[in-house]
Amino acid sequence: GDSEIDNMVELWDIFTGKSIRSFKGHSGEVVSVSFNPNGKQALTGSRDGTCKIWDVLSGQLLCSFVSMGETDWAAITPGGFYMTSKTAIKGVHFVQGMKVYTFDNFDLIFNRPDIVLQKIGLADPSLIRSYKLAYLKRLKKMGFDEGQISLDMHLPEIEFTNKSFPMENKTRNISFQVKAFDSKYQLDRINLYVNNVPVYDLKGMSLRDQNLTHVVKDLSMDLSNGTNKIQVSVLNNKGAESLRQTFEILYQGEQTLTNLYVVVIGVSEYQDNEMNLGYASKDANDLADLLEKQTGLYGKVNTIRLTDQTAIRENIMNVKKFLMQSTVDDEVIFFVAGHGLLDSELNWYFATYDVDFGNPSKRGILYDDLEGLLDGIPARKKLLLMDACNSGEVDKEDNVLVSENTSNEGTVKCRGFKVKLLNKSGLGLQNSFELMQDLFANLQKGSGTMVISSASGAEYALESNEWSNGVFTFAVLEGIKTGKADTNKDKQIIVSELRDYVFSRVKYLTNGKQNPTSRQENLEFDFRVW
(Lines give C-alpha, C1' and ligand atoms only; values in the text may rest on other atoms or scores of the structure.)
Protein backbone atom coordinates (compact mmCIF):
# COMPACT_ATOMS: atom_id res chain seq x y z
CA GLY A 1 0.00 0.00 0.00
CA ASP A 2 0.93 3.65 -0.13
CA SER A 3 0.16 4.67 3.42
CA GLU A 4 2.87 5.28 6.01
CA ILE A 5 1.52 2.43 8.13
CA ASP A 6 1.92 -0.07 5.30
CA ASN A 7 5.53 1.00 4.84
CA MET A 8 6.45 0.59 8.52
CA VAL A 9 7.80 -2.36 10.44
CA GLU A 10 6.33 -2.87 13.91
CA LEU A 11 8.06 -4.84 16.68
CA TRP A 12 5.62 -6.52 19.10
CA ASP A 13 5.99 -8.19 22.47
CA ILE A 14 4.32 -11.60 22.00
CA PHE A 15 3.69 -11.94 25.74
CA THR A 16 1.93 -8.62 26.32
CA GLY A 17 0.62 -8.09 22.78
CA LYS A 18 1.89 -4.53 22.87
CA SER A 19 3.88 -2.68 20.24
CA ILE A 20 7.44 -2.05 21.39
CA ARG A 21 8.91 -0.07 18.54
CA SER A 22 8.25 1.20 15.01
CA PHE A 23 10.80 1.26 12.20
CA LYS A 24 9.98 4.10 9.83
CA GLY A 25 11.93 4.91 6.67
CA HIS A 26 10.78 2.80 3.75
CA SER A 27 8.77 4.52 1.02
CA GLY A 28 7.23 1.30 -0.25
CA GLU A 29 5.62 -1.82 1.16
CA VAL A 30 7.92 -3.89 3.37
CA VAL A 31 7.98 -7.47 2.12
CA SER A 32 10.66 -9.18 4.23
CA VAL A 33 12.28 -8.97 7.66
CA SER A 34 15.27 -10.81 9.09
CA PHE A 35 16.97 -10.55 12.48
CA ASN A 36 20.64 -10.94 13.35
CA PRO A 37 20.95 -13.92 15.75
CA ASN A 38 22.46 -11.55 18.30
CA GLY A 39 19.16 -9.65 18.34
CA LYS A 40 20.82 -6.27 17.85
CA GLN A 41 20.14 -5.61 14.15
CA ALA A 42 17.22 -6.20 11.83
CA LEU A 43 17.26 -6.24 8.03
CA THR A 44 14.16 -5.23 6.06
CA GLY A 45 13.42 -5.45 2.35
CA SER A 46 10.90 -3.24 0.59
CA ARG A 47 9.24 -2.68 -2.75
CA ASP A 48 10.92 0.75 -2.74
CA GLY A 49 14.04 -1.06 -4.01
CA THR A 50 16.07 -0.82 -0.81
CA CYS A 51 17.11 -3.03 2.06
CA LYS A 52 17.67 -1.33 5.40
CA ILE A 53 19.55 -2.29 8.55
CA TRP A 54 18.04 -1.09 11.83
CA ASP A 55 19.16 -0.97 15.43
CA VAL A 56 16.56 -3.13 17.14
CA LEU A 57 16.88 -1.52 20.57
CA SER A 58 16.53 2.09 19.45
CA GLY A 59 14.67 1.71 16.16
CA GLN A 60 17.36 3.86 14.51
CA LEU A 61 18.10 3.37 10.82
CA LEU A 62 21.74 2.37 10.47
CA CYS A 63 22.18 1.95 6.73
CA SER A 64 20.29 1.55 3.45
CA PHE A 65 21.39 -0.73 0.63
CA VAL A 66 20.50 -0.08 -3.00
CA SER A 67 21.22 -2.56 -5.77
CA MET A 68 22.44 -1.31 -9.16
CA GLY A 69 21.99 -4.05 -11.70
CA GLU A 70 22.89 -7.63 -10.86
CA THR A 71 26.28 -7.12 -9.21
CA ASP A 72 26.66 -3.51 -8.08
CA TRP A 73 25.44 -1.90 -4.88
CA ALA A 74 25.65 1.18 -2.70
CA ALA A 75 25.37 1.42 1.09
CA ILE A 76 24.27 4.80 2.47
CA THR A 77 23.91 6.03 6.05
CA PRO A 78 21.20 8.52 7.13
CA GLY A 79 23.96 11.15 7.31
CA GLY A 80 24.77 10.72 3.61
CA PHE A 81 28.03 8.78 3.99
CA TYR A 82 28.38 5.95 1.49
CA MET A 83 30.43 3.05 0.20
CA THR A 84 29.86 1.29 -3.09
CA SER A 85 30.98 -1.67 -5.12
CA LYS A 86 33.83 -0.86 -7.47
CA THR A 87 31.85 0.06 -10.58
CA ALA A 88 28.75 1.53 -8.91
CA ILE A 89 30.28 4.87 -7.95
CA LYS A 90 28.83 6.73 -10.94
CA GLY A 91 25.35 5.77 -9.79
CA VAL A 92 25.74 7.91 -6.67
CA HIS A 93 23.97 11.28 -6.81
CA PHE A 94 23.20 13.96 -4.24
CA VAL A 95 19.86 15.75 -4.27
CA GLN A 96 19.42 19.13 -2.62
CA GLY A 97 16.02 20.67 -3.30
CA MET A 98 15.69 20.75 -7.08
CA LYS A 99 19.47 20.36 -7.63
CA VAL A 100 21.09 17.02 -8.46
CA TYR A 101 24.84 16.55 -8.09
CA THR A 102 27.06 13.66 -9.20
CA PHE A 103 29.40 11.72 -6.92
CA ASP A 104 32.38 13.83 -8.05
CA ASN A 105 31.15 16.91 -6.23
CA PHE A 106 31.16 15.55 -2.68
CA ASP A 107 33.10 12.30 -3.08
CA LEU A 108 36.06 13.55 -1.07
CA ILE A 109 33.67 14.29 1.82
CA PHE A 110 31.05 11.53 1.86
CA ASN A 111 32.81 8.46 0.40
CA ARG A 112 33.52 6.98 3.83
CA PRO A 113 33.46 3.18 3.99
CA ASP A 114 34.85 3.37 7.53
CA ILE A 115 31.86 5.38 8.78
CA VAL A 116 29.36 3.12 6.99
CA LEU A 117 30.85 -0.05 8.50
CA GLN A 118 31.16 1.56 11.94
CA LYS A 119 27.50 2.56 11.78
CA ILE A 120 26.35 -0.95 10.87
CA GLY A 121 28.43 -2.38 13.71
CA LEU A 122 29.20 -5.81 12.27
CA ALA A 123 32.59 -5.41 10.56
CA ASP A 124 35.97 -6.44 11.91
CA PRO A 125 37.52 -3.41 13.69
CA SER A 126 40.76 -3.92 11.73
CA LEU A 127 38.83 -3.53 8.47
CA ILE A 128 37.21 -0.32 9.69
CA ARG A 129 40.62 0.95 10.74
CA SER A 130 42.00 0.08 7.31
CA TYR A 131 39.32 2.14 5.60
CA LYS A 132 39.88 5.05 7.98
CA LEU A 133 43.61 5.03 7.30
CA ALA A 134 42.92 4.90 3.57
CA TYR A 135 40.58 7.90 3.88
CA LEU A 136 43.20 9.92 5.77
CA LYS A 137 45.82 8.98 3.17
CA ARG A 138 43.48 10.06 0.43
CA LEU A 139 42.99 13.46 2.05
CA LYS A 140 46.74 13.85 2.41
CA LYS A 141 47.29 12.80 -1.20
CA MET A 142 44.82 15.47 -2.30
CA GLY A 143 46.43 18.10 -0.08
CA PHE A 144 43.68 18.30 2.56
CA ASP A 145 43.50 17.43 6.24
CA GLU A 146 40.54 16.16 8.24
CA GLY A 147 39.96 19.50 9.95
CA GLN A 148 39.31 21.23 6.62
CA ILE A 149 36.52 18.93 5.49
CA SER A 150 32.99 20.26 5.94
CA LEU A 151 29.70 18.36 5.61
CA ASP A 152 28.09 21.50 4.25
CA MET A 153 26.61 20.61 0.86
CA HIS A 154 27.77 23.81 -0.74
CA LEU A 155 29.60 23.88 -4.07
CA PRO A 156 31.94 26.35 -5.69
CA GLU A 157 31.24 27.20 -9.33
CA ILE A 158 33.27 27.47 -12.51
CA GLU A 159 32.39 28.50 -16.03
CA PHE A 160 34.03 29.24 -19.37
CA THR A 161 34.03 32.96 -20.11
CA ASN A 162 33.80 32.22 -23.83
CA LYS A 163 30.62 30.23 -24.30
CA SER A 164 31.30 28.62 -27.69
CA PHE A 165 34.21 26.55 -28.96
CA PRO A 166 35.06 25.31 -32.44
CA MET A 167 34.15 21.68 -33.07
CA GLU A 168 37.55 21.24 -34.69
CA ASN A 169 40.88 22.97 -34.05
CA LYS A 170 43.55 23.36 -36.73
CA THR A 171 46.45 23.81 -34.31
CA ARG A 172 47.50 21.54 -31.46
CA ASN A 173 47.48 24.21 -28.76
CA ILE A 174 44.25 25.69 -27.47
CA SER A 175 43.71 28.52 -24.99
CA PHE A 176 40.57 29.52 -23.11
CA GLN A 177 39.53 31.46 -20.06
CA VAL A 178 37.59 30.27 -17.00
CA LYS A 179 35.96 32.11 -14.11
CA ALA A 180 35.71 30.37 -10.74
CA PHE A 181 33.89 31.65 -7.68
CA ASP A 182 32.45 30.63 -4.33
CA SER A 183 29.89 32.57 -2.31
CA LYS A 184 30.93 31.03 1.01
CA TYR A 185 34.43 29.54 1.07
CA GLN A 186 37.86 30.22 -0.38
CA LEU A 187 38.95 28.53 -3.60
CA ASP A 188 41.60 25.81 -3.35
CA ARG A 189 42.49 24.63 -6.87
CA ILE A 190 41.39 24.42 -10.50
CA ASN A 191 41.42 21.03 -12.21
CA LEU A 192 41.82 20.62 -15.97
CA TYR A 193 41.21 17.24 -17.58
CA VAL A 194 41.41 15.93 -21.12
CA ASN A 195 39.79 12.52 -21.63
CA ASN A 196 39.78 12.13 -17.83
CA VAL A 197 43.54 12.59 -17.55
CA PRO A 198 44.72 15.54 -15.40
CA VAL A 199 46.60 18.04 -17.55
CA TYR A 200 48.58 19.52 -14.66
CA ASP A 201 48.82 16.65 -12.18
CA LEU A 202 46.76 15.08 -9.44
CA LYS A 203 46.62 18.28 -7.37
CA GLY A 204 45.67 20.62 -10.21
CA MET A 205 46.44 24.35 -10.39
CA SER A 206 46.77 25.53 -6.80
CA LEU A 207 44.91 28.63 -5.59
CA ARG A 208 45.66 27.87 -1.96
CA ASP A 209 46.95 30.65 0.30
CA GLN A 210 45.73 33.26 -2.17
CA ASN A 211 42.55 33.87 -0.12
CA LEU A 212 40.43 34.00 -3.26
CA THR A 213 36.70 33.57 -3.55
CA HIS A 214 36.65 34.76 -7.19
CA VAL A 215 39.30 34.26 -9.85
CA VAL A 216 39.67 34.49 -13.64
CA LYS A 217 42.35 32.27 -15.21
CA ASP A 218 43.70 31.85 -18.73
CA LEU A 219 44.34 28.15 -19.40
CA SER A 220 46.36 26.63 -22.22
CA MET A 221 46.92 23.00 -23.24
CA ASP A 222 47.99 20.79 -26.12
CA LEU A 223 45.32 18.67 -27.77
CA SER A 224 45.70 14.96 -28.39
CA ASN A 225 45.12 13.56 -31.86
CA GLY A 226 41.44 12.71 -32.19
CA THR A 227 38.56 13.71 -29.92
CA ASN A 228 39.44 15.69 -26.80
CA LYS A 229 36.89 15.84 -23.98
CA ILE A 230 38.03 18.88 -22.03
CA GLN A 231 36.69 19.42 -18.51
CA VAL A 232 37.37 22.00 -15.83
CA SER A 233 36.34 22.07 -12.19
CA VAL A 234 37.24 23.97 -9.05
CA LEU A 235 37.55 22.80 -5.44
CA ASN A 236 36.96 24.98 -2.41
CA ASN A 237 39.01 24.69 0.78
CA LYS A 238 36.35 22.43 2.34
CA GLY A 239 36.93 19.66 -0.21
CA ALA A 240 33.79 20.19 -2.33
CA GLU A 241 34.26 20.09 -6.11
CA SER A 242 32.17 22.10 -8.56
CA LEU A 243 30.18 20.61 -11.39
CA ARG A 244 32.54 19.87 -14.25
CA GLN A 245 32.12 22.12 -17.27
CA THR A 246 32.78 20.22 -20.48
CA PHE A 247 33.32 20.73 -24.18
CA GLU A 248 34.66 18.45 -26.91
CA ILE A 249 37.01 19.43 -29.68
CA LEU A 250 38.55 17.44 -32.52
CA TYR A 251 42.18 17.75 -33.51
CA GLN A 252 43.63 15.91 -36.47
CA GLY A 253 47.28 16.79 -36.67
CA GLU A 254 50.10 15.31 -38.67
CA GLN A 255 49.50 11.59 -39.05
CA THR A 256 52.83 10.52 -37.55
CA LEU A 257 53.21 7.34 -35.54
CA THR A 258 53.23 7.85 -31.79
CA ASN A 259 56.03 6.55 -29.62
CA LEU A 260 55.81 3.92 -26.89
CA TYR A 261 57.63 4.34 -23.60
CA VAL A 262 58.24 1.03 -21.83
CA VAL A 263 59.43 0.74 -18.23
CA VAL A 264 59.88 -2.76 -16.82
CA ILE A 265 60.98 -3.44 -13.26
CA GLY A 266 61.45 -6.96 -11.96
CA VAL A 267 63.30 -8.35 -8.96
CA SER A 268 64.03 -12.05 -8.65
CA GLU A 269 67.33 -11.82 -6.79
CA TYR A 270 67.25 -9.74 -3.63
CA GLN A 271 70.08 -8.59 -1.40
CA ASP A 272 68.25 -10.71 1.18
CA ASN A 273 68.43 -13.90 -0.87
CA GLU A 274 66.00 -15.78 1.36
CA MET A 275 63.28 -13.75 -0.38
CA ASN A 276 64.34 -14.56 -3.95
CA LEU A 277 61.67 -15.21 -6.57
CA GLY A 278 61.80 -17.37 -9.67
CA TYR A 279 60.50 -15.32 -12.57
CA ALA A 280 60.04 -11.62 -11.76
CA SER A 281 63.11 -10.31 -13.62
CA LYS A 282 62.54 -12.73 -16.51
CA ASP A 283 58.93 -11.56 -16.71
CA ALA A 284 60.10 -7.95 -17.01
CA ASN A 285 62.60 -8.72 -19.76
CA ASP A 286 60.19 -10.97 -21.68
CA LEU A 287 57.53 -8.26 -21.77
CA ALA A 288 60.09 -5.65 -22.86
CA ASP A 289 61.37 -7.98 -25.58
CA LEU A 290 57.86 -8.46 -26.93
CA LEU A 291 56.95 -4.76 -26.88
CA GLU A 292 60.21 -3.76 -28.58
CA LYS A 293 59.31 -6.01 -31.51
CA GLN A 294 56.04 -4.17 -32.14
CA THR A 295 56.13 -2.77 -35.63
CA GLY A 296 53.58 -0.59 -37.35
CA LEU A 297 51.71 0.76 -34.33
CA TYR A 298 54.52 2.89 -32.86
CA GLY A 299 57.16 5.06 -34.46
CA LYS A 300 59.73 4.23 -31.81
CA VAL A 301 59.82 2.08 -28.69
CA ASN A 302 61.88 3.62 -25.87
CA THR A 303 62.71 1.21 -23.07
CA ILE A 304 64.10 1.27 -19.54
CA ARG A 305 64.82 -2.06 -17.86
CA LEU A 306 65.53 -2.23 -14.14
CA THR A 307 66.03 -5.78 -12.89
CA ASP A 308 67.59 -7.32 -9.80
CA GLN A 309 70.58 -5.20 -8.61
CA THR A 310 69.60 -2.19 -10.76
CA ALA A 311 66.07 -2.09 -9.32
CA ILE A 312 66.93 0.26 -6.46
CA ARG A 313 65.00 3.28 -5.26
CA GLU A 314 67.17 5.95 -6.91
CA ASN A 315 66.99 4.32 -10.36
CA ILE A 316 63.24 3.75 -10.15
CA MET A 317 62.43 7.29 -9.04
CA ASN A 318 64.66 8.63 -11.84
CA VAL A 319 62.28 7.07 -14.39
CA LYS A 320 60.14 10.23 -14.16
CA LYS A 321 62.74 12.17 -16.19
CA PHE A 322 62.53 9.55 -18.92
CA LEU A 323 58.72 9.69 -19.04
CA MET A 324 58.71 13.50 -19.10
CA GLN A 325 60.28 13.25 -22.57
CA SER A 326 57.02 11.86 -23.95
CA THR A 327 54.41 13.87 -25.86
CA VAL A 328 50.64 14.03 -25.37
CA ASP A 329 50.00 11.41 -28.07
CA ASP A 330 52.56 8.92 -26.76
CA GLU A 331 51.78 5.80 -24.77
CA VAL A 332 53.37 4.40 -21.61
CA ILE A 333 53.37 0.77 -20.46
CA PHE A 334 54.86 0.44 -16.98
CA PHE A 335 55.39 -3.07 -15.56
CA VAL A 336 56.54 -4.10 -12.08
CA ALA A 337 57.03 -7.61 -10.71
CA GLY A 338 58.37 -8.64 -7.35
CA HIS A 339 57.46 -8.64 -3.68
CA GLY A 340 54.78 -6.36 -2.28
CA LEU A 341 55.16 -5.31 1.34
CA LEU A 342 52.68 -3.82 3.79
CA ASP A 343 53.66 -1.95 6.94
CA SER A 344 51.65 -1.67 10.14
CA GLU A 345 49.93 1.49 8.86
CA LEU A 346 48.75 -0.38 5.75
CA ASN A 347 51.09 1.50 3.45
CA TRP A 348 51.91 -0.72 0.46
CA TYR A 349 55.47 -0.83 -0.88
CA PHE A 350 57.13 -2.39 -3.88
CA ALA A 351 60.22 -4.24 -2.68
CA THR A 352 63.40 -2.95 -4.30
CA TYR A 353 66.54 -5.07 -4.59
CA ASP A 354 68.00 -3.77 -1.31
CA VAL A 355 64.77 -3.26 0.65
CA ASP A 356 64.65 -3.99 4.37
CA PHE A 357 61.82 -6.52 4.53
CA GLY A 358 61.22 -5.61 8.16
CA ASN A 359 61.06 -1.87 7.48
CA PRO A 360 60.07 -1.29 3.83
CA SER A 361 59.81 2.50 4.17
CA LYS A 362 63.62 2.81 4.12
CA ARG A 363 64.35 1.58 0.62
CA GLY A 364 61.00 0.41 -0.76
CA ILE A 365 58.78 2.33 -3.20
CA LEU A 366 55.47 3.51 -1.78
CA TYR A 367 52.51 2.81 -4.08
CA ASP A 368 51.69 6.51 -4.36
CA ASP A 369 55.29 7.20 -5.42
CA LEU A 370 55.12 4.41 -7.97
CA GLU A 371 51.97 5.76 -9.57
CA GLY A 372 53.31 9.27 -9.08
CA LEU A 373 55.90 8.48 -11.75
CA LEU A 374 52.98 8.48 -14.20
CA ASP A 375 51.28 11.58 -12.78
CA GLY A 376 51.71 14.85 -14.63
CA ILE A 377 53.76 13.42 -17.53
CA PRO A 378 52.87 14.59 -21.07
CA ALA A 379 51.74 11.12 -22.28
CA ARG A 380 48.04 10.54 -21.63
CA LYS A 381 47.74 6.86 -22.55
CA LYS A 382 49.15 5.18 -19.45
CA LEU A 383 48.96 1.52 -18.39
CA LEU A 384 50.45 0.19 -15.15
CA LEU A 385 50.79 -3.60 -14.82
CA MET A 386 51.63 -4.91 -11.34
CA ASP A 387 52.47 -8.50 -10.44
CA ALA A 388 52.87 -8.44 -6.67
CA CYS A 389 53.92 -11.44 -4.64
CA ASN A 390 52.86 -10.41 -1.15
CA SER A 391 55.37 -11.54 1.44
CA GLY A 392 54.26 -11.75 5.02
CA GLU A 393 51.39 -14.16 4.60
CA VAL A 394 51.45 -17.50 2.82
CA ASP A 395 48.41 -19.71 2.84
CA LYS A 396 49.38 -23.29 3.72
CA GLU A 397 47.50 -24.43 0.64
CA ASP A 398 49.71 -22.17 -1.47
CA ASN A 399 52.72 -24.31 -0.64
CA VAL A 400 51.43 -27.32 -2.51
CA LEU A 401 51.25 -27.82 -6.24
CA VAL A 402 48.17 -26.30 -7.78
CA SER A 403 45.88 -28.89 -9.33
CA GLU A 404 47.27 -29.63 -12.78
CA ASN A 405 44.32 -28.53 -14.87
CA THR A 406 46.60 -26.81 -17.36
CA SER A 407 48.16 -29.73 -19.19
CA ASN A 408 47.84 -28.02 -22.58
CA GLU A 409 49.91 -25.05 -21.46
CA GLY A 410 52.21 -26.56 -18.85
CA THR A 411 52.24 -26.98 -15.09
CA VAL A 412 51.38 -24.19 -12.70
CA LYS A 413 53.52 -24.23 -9.60
CA CYS A 414 53.69 -21.96 -6.62
CA ARG A 415 56.48 -21.36 -4.20
CA GLY A 416 56.49 -19.77 -0.78
CA PHE A 417 59.29 -17.88 0.92
CA LYS A 418 60.36 -17.13 4.44
CA VAL A 419 57.90 -14.79 6.15
CA LYS A 420 59.77 -11.74 7.43
CA LEU A 421 57.26 -8.93 7.67
CA LEU A 422 55.27 -8.66 10.86
CA ASN A 423 51.82 -7.50 9.82
CA LYS A 424 50.38 -5.80 12.90
CA SER A 425 47.26 -4.55 11.19
CA GLY A 426 45.23 -7.68 11.89
CA LEU A 427 44.35 -7.78 8.20
CA GLY A 428 45.74 -10.39 5.83
CA LEU A 429 48.25 -8.95 3.39
CA GLN A 430 46.59 -10.39 0.32
CA ASN A 431 43.28 -8.99 1.50
CA SER A 432 44.97 -5.69 2.24
CA PHE A 433 46.33 -5.44 -1.28
CA GLU A 434 42.91 -6.20 -2.76
CA LEU A 435 41.37 -3.73 -0.31
CA MET A 436 43.85 -1.12 -1.47
CA GLN A 437 42.82 -1.68 -5.07
CA ASP A 438 39.13 -1.43 -4.20
CA LEU A 439 39.76 1.73 -2.22
CA PHE A 440 41.70 3.38 -5.01
CA ALA A 441 38.94 2.43 -7.44
CA ASN A 442 36.25 3.85 -5.21
CA LEU A 443 38.14 6.91 -4.10
CA GLN A 444 38.90 8.08 -7.64
CA LYS A 445 41.01 11.20 -8.15
CA GLY A 446 43.92 9.40 -9.78
CA SER A 447 46.54 10.21 -12.39
CA GLY A 448 44.40 8.97 -15.28
CA THR A 449 46.43 5.74 -15.38
CA MET A 450 44.76 2.41 -16.05
CA VAL A 451 46.06 -0.10 -13.48
CA ILE A 452 45.84 -3.88 -13.79
CA SER A 453 47.30 -5.68 -10.80
CA SER A 454 47.48 -9.12 -9.28
CA ALA A 455 48.56 -10.32 -5.86
CA SER A 456 48.96 -13.58 -4.02
CA GLY A 457 50.59 -14.89 -0.88
CA ALA A 458 52.94 -16.98 -3.04
CA GLU A 459 54.59 -16.82 -6.44
CA TYR A 460 52.62 -18.63 -9.12
CA ALA A 461 54.49 -19.61 -12.25
CA LEU A 462 53.64 -21.60 -15.34
CA GLU A 463 56.41 -23.97 -16.39
CA SER A 464 56.23 -25.41 -19.90
CA ASN A 465 58.47 -26.32 -22.80
CA GLU A 466 57.47 -23.19 -24.72
CA TRP A 467 57.83 -20.57 -22.03
CA SER A 468 58.17 -20.20 -18.26
CA ASN A 469 56.80 -17.09 -16.61
CA GLY A 470 54.83 -15.87 -13.67
CA VAL A 471 51.17 -16.58 -14.35
CA PHE A 472 50.19 -12.90 -14.52
CA THR A 473 52.91 -12.12 -17.08
CA PHE A 474 52.18 -15.35 -18.96
CA ALA A 475 48.56 -14.24 -19.38
CA VAL A 476 49.65 -10.80 -20.65
CA LEU A 477 52.17 -12.28 -23.12
CA GLU A 478 49.82 -15.04 -24.27
CA GLY A 479 46.94 -12.65 -24.80
CA ILE A 480 49.11 -10.46 -27.03
CA LYS A 481 51.20 -13.10 -28.85
CA THR A 482 48.32 -15.38 -29.76
CA GLY A 483 45.81 -12.59 -30.31
CA LYS A 484 43.40 -14.26 -27.90
CA ALA A 485 42.96 -10.98 -26.02
CA ASP A 486 41.44 -9.48 -29.19
CA THR A 487 37.95 -10.56 -28.22
CA ASN A 488 36.08 -8.63 -30.93
CA LYS A 489 38.53 -9.84 -33.63
CA ASP A 490 39.20 -6.38 -35.06
CA LYS A 491 42.98 -6.97 -35.22
CA GLN A 492 43.53 -4.58 -32.31
CA ILE A 493 43.97 -5.22 -28.59
CA ILE A 494 42.76 -2.39 -26.38
CA VAL A 495 43.33 -1.99 -22.65
CA SER A 496 39.91 -3.26 -21.57
CA GLU A 497 40.27 -6.39 -23.74
CA LEU A 498 43.71 -7.15 -22.28
CA ARG A 499 42.37 -6.55 -18.76
CA ASP A 500 39.44 -8.94 -19.22
CA TYR A 501 41.64 -11.62 -20.76
CA VAL A 502 44.22 -11.42 -17.96
CA PHE A 503 41.49 -11.53 -15.33
CA SER A 504 39.92 -14.74 -16.59
CA ARG A 505 43.18 -16.46 -17.57
CA VAL A 506 44.99 -15.91 -14.26
CA LYS A 507 41.98 -16.98 -12.25
CA TYR A 508 41.65 -20.15 -14.34
CA LEU A 509 45.34 -21.09 -14.27
CA THR A 510 45.59 -20.72 -10.47
CA ASN A 511 42.23 -22.30 -9.64
CA GLY A 512 41.04 -19.00 -8.23
CA LYS A 513 44.07 -18.56 -5.95
CA GLN A 514 45.22 -15.40 -7.70
CA ASN A 515 42.62 -12.83 -8.74
CA PRO A 516 43.68 -9.71 -10.64
CA THR A 517 42.00 -6.40 -9.89
CA SER A 518 41.90 -3.12 -11.71
CA ARG A 519 41.17 0.53 -11.25
CA GLN A 520 38.47 1.43 -13.69
CA GLU A 521 38.82 5.17 -13.33
CA ASN A 522 39.72 5.84 -16.94
CA LEU A 523 38.13 3.20 -19.13
CA GLU A 524 36.40 6.04 -20.95
CA PHE A 525 39.84 6.62 -22.44
CA ASP A 526 40.33 3.06 -23.69
CA PHE A 527 43.37 2.86 -25.96
CA ARG A 528 45.14 0.34 -28.16
CA VAL A 529 48.17 -1.52 -26.81
CA TRP A 530 48.76 -3.95 -29.73
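As shown above, the structure is provided for reference.
Owing to the predicted nature of the structure, the values given are computational and were not obtained by experimental measurement.

Chemist: Would you mind going over the nonpolar core in detail, with residue names and values included?
Modeler: Across soluble globular proteins, nonpolar side chains have a tendency to be buried as a group. Membership of the largest hydrophobic core comes to 80 residues, with the highest contact counts inside it found for Ile265, Leu323, Phe334, Leu383 and Leu385. Tallying contributions element by element places strand E22 (residues 331–342) first for this core, with eight residues. Excluding residues that lie within four positions of it along the chain, Leu323 makes contacts with Tyr261, Val263, Val332, Phe334, Leu373, Leu374, Ile377 and Pro378. Judged by nonpolar contacts, the second largest core, of 28 residues, contains Ile53, Phe81, Val116 and Ile120.

Chemist: Summarise helix H10 (residues 495–509); cite the residues concerned and give the values.
Modeler: Helix length check: H10 (15 residues) gives 21 Å between terminal C-alpha atoms against 21 Å at 1.5 Å per residue, within 8%. Looking only at H10, the buried set comprises Val495, Ser496, Glu497, Leu498, Arg499, Tyr501, Val502, Arg505, Val506 and Leu509. Following H10 by one or two positions, Asn511 has its phi on the positive side, about 55°.

Chemist: With reference to specific residues and values, describe the pattern of salt bridges.
Modeler: The full count for this structure, using the stated rule, is 18 salt bridges. Glu241 is the partner of Arg244 in a salt bridge, and the nearest nitrogen-oxygen pair spans 3.7 Å.

Chemist: How would you sum up the sheet that holds strand E13 (residues 173–181)? Please name residues and give values.
Modeler: Spatially, E11-E13-E17 is the arrangement adopted by the three strands of the open sheet, whose pairing is antiparallel. Strand pairing shows two members of the sheet lacking a second neighbour, strand E11 (157–160) and strand E17 (214–222), which therefore form its edges. Mean inter-strand twist for the sheet, computed between neighbouring axes without regard to direction, equals 30°.

Chemist: If you had to explain the sheet that holds strand E7 (residues 72–76) to someone new, which residues and values would you point to?
Modeler: Strands sit in the order E3-E4-E5-E6-E7-E8 across an open sheet of six strands; the sheet is antiparallel. In the strand order of this sheet, the two ends are held by strand E3 (30–35) and strand E8 (82–84), each with one partner. Put simply, the sheet's adjacent strands are angled 20° from each other on average, direction ignored. In this structure, strand E4 (residues 41–46) lies alongside strand E5 (residues 50–55), joined through five bridges in antiparallel fashion. Bridge pairing in E5 places Leu43 opposite Ile53.

Chemist: So what's going on with the packing of helix H2 (residues 113–120) against helix H3 (residues 125–141)? Which residues, and what values?
Modeler: How two helices sit against one another is set out by the angle between their axes and by the gap between those axes. The geometry of H2 relative to H3 is characterised by a closest axis approach of 8 Å and an angle of 155° between their N-to-C directions. Taken together, the axis directions place H2 and H3 in an arrangement best described as roughly antiparallel. Crossing handedness for the pair H2 and H3: left-handed. Here H2 contributes Pro113, Asp114, Leu117 and Gln118 to the contact with H3, which in turn contributes Leu127, Ile128, Tyr131 and Lys132. For the contact of H2 with H3, the per-class residue count stands at five nonpolar, one polar and two charged.

Chemist: Break down the pairing of strand E1 (residues 9–12) for me, with residues and values.
Modeler: Side chains Val9 and Leu11 of E1 all project onto a buried face; the interleaved residues Glu10 and Trp12 project onto a face where none is buried. For E1 and strand E2 (residues 19–23), the ladder comprises four bridges, and the chain directions are antiparallel. Within E2, the residue paired with Leu11 across the bridge is Arg21. Counted along the chain from E1 to the antiparallel partner E2, the turn is six residues long, and its residue Gly17 has a positive phi close to 75°.

Chemist: So what's going on with the pairing of strand E14 (residues 187–194)? Residues and values would help.
Modeler: Taken across its eight residues, E14 has eight buried, putting it largely inside the fold. Examined bridge by bridge, E14 and strand E18 (residues 226–236) share seven bridges and lie antiparallel to one another. For Leu192, the partnering residue across the bridge sits in E18 and is Val232. Note: E14 against strand E16 (residues 205–206), two bridges, orientation antiparallel. Across the sheet, residue Arg189 finds its bridge partner in E16, namely Ser206. Relative to strand E15 (residues 197–198), E14 runs antiparallel, the two sharing two bridges. Residue pairing across strands places Tyr193 opposite Pro198, the latter belonging to E15.

Chemist: Tell me about the side chain of Glu331, and name the residues and values.
Modeler: Structurally, the position occupied by Glu331 is in strand E22. Summary of buried charges: Glu331 has no salt-bridge partner, and the nearest side chain of opposite charge, Lys381, is 5.3 Å away. There is a polar contact of 3.0 Å between the side chain of Glu331 and the side chain of Tyr298. Here Glu331 is in contact with Asn259, Leu260, Tyr261, Tyr298, Lys381, Phe527, Arg528 and Val529, once residues within four sequence places are set aside.

Chemist: So, unusual backbone geometry: which residues are in play, and what are the values?
Modeler: With a phi close to 70°, Asn196 is a non-glycine residue in the positive phi region. Checked against the element boundaries, Asn196 lands in the loop between E14 and E15. You can call Asn196 buried: its relative accessible area is 16%. Here Lys489, not a glycine, exhibits a phi torsion of approximately 55°, which is positive. Residue placement: Lys489 occurs in the loop between helix H9 (471–481) and H10.

What counts as what
Residues numbered from 1 in each chain as written. Predicted model: local features only at pLDDT ≥ 70, side-chain atom pairs only at ≥ 80, totals over all residues. Heavy atoms only, no water. Core = buried A, V, L, I, M, F, W, Y, C linked by side-chain atoms within 4.5 Å. Buried < 20%, exposed > 50% of the residue type's maximum accessible area, 1.4 Å probe, protein only. Helix = DSSP H or I, 4+ residues; strand = E, 2+ residues; numbered from the N terminus. Contact = heavy atoms within 4.5 Å. Expected span 1.5 Å × (residues − 1). Salt bridge = Lys/Arg side-chain N within 4 Å of Asp/Glu carboxyl O. Pairing = 2+ DSSP bridges. Axes fitted to C-alpha atoms, helices over the stretch in contact; angles between N-to-C directions. Parallel < 35°, antiparallel > 145°, perpendicular 65-115°, else oblique. Left-handed = near helix turned anticlockwise from the far one by under 90°. Nonpolar A, V, L, I, M, F, W, Y, C, P; charged D, E, K, R; others polar. Lys, Arg positive; Asp, Glu negative; His and termini not counted. Polar contact = N/O pair within 3.5 Å; in protein donor to acceptor, adjacent residues only side chain to side chain.

In short, the description is geometric, and any link to function would need to be established separately.
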